[in-house]
Amino acid sequence: MVAQSILDLLQGFGVALQPHNLMWSFVGVLIGNLIGVLPGMGALSAISMLLPLTYTMHAVPAILMLAGIFYGSQYGGAIGAILLNLPCHPPHAVTCLDGYPMTRNGKGGTALGITMIASFFAASVGIIVMIFASPLLVKIAFKFGPPEIFSIMLLGLLAGGTMSRGSPLKGIAMTIFGLLVGSVGTDVNSGLMRFTFGMPDLSDGIELVALALGFYGVTEFLRNVNRLHSVGDSATLRMRDMRPSRTELKQAFWPMVRGTAVGTLFGAMPGTGPTITTFIAYALERRVSKNPERFGQGALEGVASPEAASHSKTQVDFIPTMSLGIPGDAVMALILGALLIHGIQPGPQLITEHEDLFWGLIASFWIGNVLLVLLNVPMIGVWVKLLRVPYRYLFPSALFFICVGVYSTNNSLFQVGEVVVFGLIGAVLVALEFPVSPVLLGYVLGPMVEENFRRSMLLSRGSLTIFTDRPIALGFLIVCTLLIVGQLFFALRGWMHRRDVERNQLLPAEAVSVADD
Amino acid sequence: MDELIKRAGKDRLGGTLMILVGAGAAQQGITYSLGTLAAPGPGLFPGTLGVLLMLIGLAIAVTGKRARAPLPATAGTRATGAAAEIEPAPRRAEWRGWFCIVLSIIAFIVLGSHGGLVPASFAVAFIAALGDRDNTLLAACVLGVAMALVSVVVFWWLLQLQLPLFQWS
């Protein structure tokens, strides 16, 4: 079985490496990268805009080019997220948490380099894992029904909500707020309009790109206007500073491995998507870190681990996506749609009957990644120069790109209006010290959480025991409970300690240090 | 707004806000059909979330620190050892910047549907640039023209954006 997989993969590489195919892959990476780097244009908009270009091509070069666009725009999006705090793709919301502070500290080039290394490393490991474990992974994928998906999402929401800096309660409040934002629009089961405030434009729900760019882009501009003069600090940038140093590589290595492991593990679970994976990888990294207070202020680990998780997840995700036809996120759904256009029907038979095609697709994704590294190593310097643009020119230009980018997603001016609304909401929330990333997580997972809960209830005829009867679901729920109990325990201990400290009238500085835990 | 935040305490205010949002969601959720557990209706999920959000908002307001107490999020200052004394410097609201940023996007929407891509692109960059005190009228104009050019070349010509360059309606 393993030998067969290797053979098929080699054959896949053989197809993908033909000069003609390689060229299309390169074109895809290049265009994807250039579009993805524009603020407001992430993987989602790049793929949807360039998809029509592939209609007239043969299936193989079309898929290769799509894979190239995917990687190029994904990495281009990471550039926007790290350097300008503009995530257009939800997994990058996590990258922003530490990537942007790194930029503010003058380490933006390093963050970009680490992102590239982490994604390459993770994708390579992902392929190796697939070769050896694909039969096993298919088996796991089939074990996942609605109760399992619901319980893992619950875990992701809890982990994502409590991982951010500051009060975990506020993080959870933001997660719930995000879930509510996600429920705006037409209810899938009954066709009822929910929370549309009588506006027909809202019946399709709130646009993801508008939400992300409002919360990160516009909120950030509102907070920084007239206060910030240049994002990149005035520190001189030399080529030497852009490459990660040996100590930085060493520092990023284990987080990268852990992120890859998380991504691979989650890769086999259908419908989970890279967003939840990156949030869990970040939360894990913060838990195992010896000094978690560095996170959110430019910790290299906080960039390396989620990026690795996202890319290994994307690779391994092909198994559930192709065998069950359940895409993990919007980008994956778009690629799946493109495959359907080219006559590739996802289903349980695909991996066994069209092995060459399946592995060819995987090979093309890996090649896209290699091309990306080759293309971007000399380019990092160019991207970092972007930071030298004074803020007073930068933010009006970025606003323009955001407006046009959001408009181009669905050709809707209404959704440009959503950007303003969410920008203002985000500014109020940030002023009240609420973390905004969990909102994005809740928004992405909300519809899936509800859908899977309702399906589970239909399956069990309204009995909640379905979640405890099935071992995988029960396992996730136990982890959830442990997380909540752990948080309560720490909160209680902190509160008792603070009370003791106040009673003993110790130095106030120490009281604060307890509150931080 | 900053003055209000300072007086009431961020946690109190934030908690209250969450209770209000939760109450609104729960109230709306109930008006959609709740259904039963065996056949959940469209209102069950938002209704539950609304109630949960109210509870958590209450918890935030109750457990949060009172106004003027040392803020919990100043972990970075911990290393200096004098965290309690350091409160974030009061940030004055930047009304001019806020007004211009919001207006610039609204201008893009209005001009996008009534004037076309070129005036909309010019307006968004021009108005937003005026929000920064260091920008002169000329600098804002140049930036607006540059963005209009970018939108014509990159978006209209290369990426075939579906929005006419000029239109009257």
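Residues numbered from 1 in each chain as written. Chains lettered and ligands numbered in written order. Predicted model: local features only at pLDDT ≥ 70, side-chain atom pairs only at ≥ 80, totals over all residues. Heavy atoms only, no water.

Engineer: Account for the overall build of chain A, with residues named and values stated.
Structural biologist: When you go through chain A residue by residue, the secondary structure sums to 24 helices and 2 strands. Computed over the C-alpha atoms, the radius of gyration of chain A is 23 Å, within 12% of the 24 Å expected from 2.2 N^0.38 for a compact globule of 517 residues. Its C-alpha atoms put chain A at 75 × 60 × 50 Å along the principal axes. A separation threshold of at least 6 residues defines the contact pool for chain A, and within that pool the share at least 24 residues apart is 80%. (Helix = DSSP H or I, 4+ residues; strand = E, 2+ residues; numbered from the N terminus. Rg over C-alpha atoms; globule rule 2.2 N^0.38 Å. Contact = heavy atoms within 4.5 Å.)

Engineer: Requested: an account of the interface of chain A and chain B, with residues and values cited.
Structural biologist: Where interface size is given, it is often the accessible area lost as the parts come together that is meant. Listed per partner, the contact involves 71 residues of chain A and 74 residues of chain B. For the pair chain A and chain B, the summed buried surface comes to about 6500 Å²; carbon and sulfur atoms form 76% of the total. Together, Asn226, Phe400 and Leu413 of chain A form the three largest contributors to the area buried by chain A at its contact with chain B, with a combined 10%. Here Lys170 of chain A ties to Asp11 of chain B by a salt bridge, and the two come within 2.7 Å at their closest N and O atoms. Taken together, the connections running from chain A to chain B amount to 7 residue pairs in polar contact (both at pLDDT 80 or more). For the side of chain A that touches chain B, the secondary structure elements donating two or more residues are α8 (168-182), β2 (193-194), α9 (208-224), α19 (391-410), α20 (413-431), α21 (437-460) and α24 (508-516) of chain A. At 12 residues, the largest contribution of residues to the side of chain A that touches chain B is made by α19 of chain A. (Buried area = accessible area lost by both parts, 1.4 Å probe. Salt bridge = Lys/Arg side-chain N within 4 Å of Asp/Glu carboxyl O. Polar contact = N/O pair within 3.5 Å; in protein donor to acceptor, adjacent residues only side chain to side chain.)

Engineer: Tell me what's going on with the packing of aromatic side chains, and back it up with residues and numbers.
Structural biologist: Residue and element names in this part refer to chain A. Tallying each qualifying case throughout the model produces 17 aromatic pairs over all chains. For the pair Phe150 and Phe453, a centre-to-centre distance of 5.3 Å together with 45° between the ring planes defines the contact as tilted. Pair noted here: Phe150 is in helix α7 (residues 146-163) and Phe453 is in helix α21, with a separation of 303 residues, a long-range link. Comparing Phe150 with Phe453 shows no difference in burial state: the two are buried. Site record: aromatic cluster; members linked through ring pairs are Phe13, Phe120 and Trp366. (Phe/Tyr/Trp six-rings, centres within 6.5 Å; stacked < 30°, edge-to-face > 60°. Buried < 20%, exposed > 50% of the residue type's maximum accessible area, 1.4 Å probe, protein only.)

Engineer: So what's going on with the state of the cysteines? Which residues, and what values?
Structural biologist: In total, this model carries 0 disulfides over all chains according to the counting rule given. Cys100 of chain B takes part in no disulfide bond, and the closest cysteine sulfur to it belongs to Cys141 of chain B, at a distance of 14 Å. (Disulfide = S-S within 2.5 Å.)

Engineer: Can you lay out the packing of α9 of chain A against α21 of chain A for me, pointing to particular residues and giving the numbers?
Structural biologist: Residues and elements named next belong to chain A. The geometry of α9 relative to α21 is characterised by a closest axis approach of 10 Å and an angle of 170° between their N-to-C directions. Regarding the angle of α9 to α21, the classification is roughly antiparallel. Residues Leu208, Leu211, Ala212, Phe215 and Tyr216 of α9 pack against Ser437, Val439, Leu440, Tyr443 and Val444 of α21. A per-class count over the contact of α9 with α21 returns 9 nonpolar, 1 polar and no charged. (Axes fitted to C-alpha atoms, helices over the stretch in contact; angles between N-to-C directions. Parallel < 35°, antiparallel > 145°, perpendicular 65-115°, else oblique. Nonpolar A, V, L, I, M, F, W, Y, C, P; charged D, E, K, R; others polar.)

Engineer: Which residues make up the pattern of salt bridges, and what are the values?
Structural biologist: All names here are of chain A. Tallied over the full model, the rule gives 11 salt bridges over all chains. Between Asp317 and Lys313 there is a salt bridge, and its shortest N-O distance comes to 3.3 Å. Each member of the pair, Asp317 as well as Lys313, carries the same accessibility label: buried. Through salt bridges with shared partners, a single network forms among Asp187, Arg194, Glu450 and Arg454.

Engineer: Requested: an account of a nonpolar patch on the surface, with residues and values cited.
Structural biologist: Residues and elements named next belong to chain A. A cluster of nonpolar residues, Val2, Ile6, Leu10, Ile128 and Phe132, forms a patch on the protein surface that exposes about 450 Å² of accessible area. For the nonpolar patch, the secondary structure elements donating two or more residues are α1 (2-16) and α6 (108-143). Along the chain, Val2 falls in helix α1. (Patch = residues over 30% accessible without salt bridge, like charges linked within 9 Å, V, L, I, M, F, W, Y side chains within 5 Å. Areas by Shrake-Rupley, 256 points an atom, 1.4 Å probe, with all protein chains shown as cover.)

Engineer: Before we move on, can you summarise the environment of Ala283 of chain A with the specific residues and values?
Structural biologist: Residues and elements named next belong to chain A. Positionally, Ala283 belongs in helix α12 (residues 273-288). By relative accessible area, which is 9% here, Ala283 ends up buried. Spatially, the C-alpha atoms of Ala283 and Pro306 are 9.3 Å apart, while their sequence positions differ by 23 residues.

Engineer: So, the side chain of Arg194 of chain A: which residues are in play, and what are the values?
Structural biologist: Within the secondary structure, Arg194 of chain A is located in strand β2. Of note is the side chain of Arg194 of chain A, whose polar atom sits 2.6 Å from the backbone oxygen of Pro42 of chain B. If we ignore the near neighbours within four places in the chain, the residues touching Arg194 of chain A are Ser183, Val184, Gly185, Asp187, Glu450 and Arg454 of chain A together with Tyr32, Pro42 and Pro46 of chain B.

Engineer: Kindly report on the layout of surface pockets, identifying the contributing residues and their values.
Structural biologist: Remark: the empty space left among the atoms is shown by a probe the size of a water molecule rolled over them. All names here are of chain A. Approximately 1200 Å³ is the volume found for the second largest pocket. Along the wall of the second largest pocket there are 45 residues; nearest its centre are Ala330, Tyr443, Val444, Pro447 and Met448. If you list the elements that add at least two residues to the lining of the second largest pocket, you get α3 (43-50), α8, β1 (185-186), α15 (330-341), α19 and α21. Sorting elements by how many residues they give to the lining of the second largest pocket places α21 first, with 9 residues. Among the residues making up the lining of the second largest pocket, the classes are represented as 19 nonpolar, 16 polar and 10 charged. (1 Å grid on protein atoms, 1.4 Å probe; cavity = no way out; pocket = protein on both sides within 12 Å on 5 of 7 lines; lining within 4 Å. Points joined across faces, edges and corners; volume = space filled by probe spheres on them.)

Engineer: Can you break down α20 of chain A residue by residue, with the values?
Structural biologist: All names here are of chain A. Taking 1.5 Å per residue as the helical rise, α20 with its 19 residues ought to reach 27 Å, and the 28 Å between its terminal C-alpha atoms agrees with that figure. If you check the start of α20, you find a side-chain oxygen 3.3 Å away from the backbone N of Phe414, and it comes from Ser412. Positive backbone phi, at 65°, marks Glu433, one or two positions downstream of α20. (Expected span 1.5 Å × (residues − 1).)

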